[in-house]
Amino acid sequence: MADLTIQISDLRTRITLQAPTEARDAGGAQTVTYADIGINPTIWVKWVNDHGQETVASEAKQAIQRATVQGRYRSDLLSTWRVLKDGEPWNILSVDPLQNRRWFELRVERVKGTV
């Protein structure tokens, strides 16, 4: 496997990591909300967009955008979290450590409904 080369200058996109929390609304129903994680929620990463794809689900057209995100390794990253980039939420699909836990790589996606 080839060595991964990430330069500090590649880390030019700022993201915020958020974890899900369960809350109850006035009627007692559980809802999932997201809040910034406790320690260093905002980090600098290398962000590479994939080419998008469109799907048709239940007669509604949707655009799925995916990206690969690389940054300095964190031992607390979970695939249940999400990422905020420019205020837009992206779901984390996978979390992979790279180079003996020197870096991490995330696969993220967001779905925009009815394009």
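Let me begin by describing the structure that accompanies this report. The structure displayed is predicted, hence computed values, not measured ones.

Glancing now at unusual backbone geometry. One non-glycine residue, Gln 99, lies in positive phi territory at about 45°. By the element assignment, Gln 99 lies in the loop between β7 (88-98) and β8 (103-113). Even without being glycine, Arg 101 reaches a positive phi, approximately 65°.

Here we take up the pairing of strand β1 (residues 13-24). Across four bridges, the pairing between β1 and strand β3 (residues 42-49) is antiparallel. When the bridges of β3 are listed, Thr 13 appears paired with Val 45. Bridge analysis of β1 against strand β6 (residues 82-85) gives four bridges, and the strand direction is antiparallel. Along β6, the bridge assignment pairs Thr 16 with Leu 84. As paired strands, β1 and strand β2 (residues 30-36) are joined by seven bridges and run antiparallel to one another. Each bridged residue has a counterpart across the sheet, and for Thr 21 the counterpart in β2 is Thr 33.

With respect to the element layout, Arg 14 can be found in strand β1. When the C-alpha atoms of Arg 14 and Trp 47 are compared, they prove to be 9.1 Å apart, with 33 residues separating the residues in sequence. Excluding residues that lie within four positions of it along the chain, Arg 14 makes contacts with Thr 42, Ile 43, Trp 44 and Leu 84.

Calculation notes
Residues numbered from 1 in each chain as written. Predicted model: local features only at pLDDT ≥ 70, side-chain atom pairs only at ≥ 80, totals over all residues. Heavy atoms only, no water. Helix = DSSP H or I, 4+ residues; strand = E, 2+ residues; numbered from the N terminus. Pairing = 2+ DSSP bridges. Contact = heavy atoms within 4.5 Å.

That is the geometry; function is a separate question.
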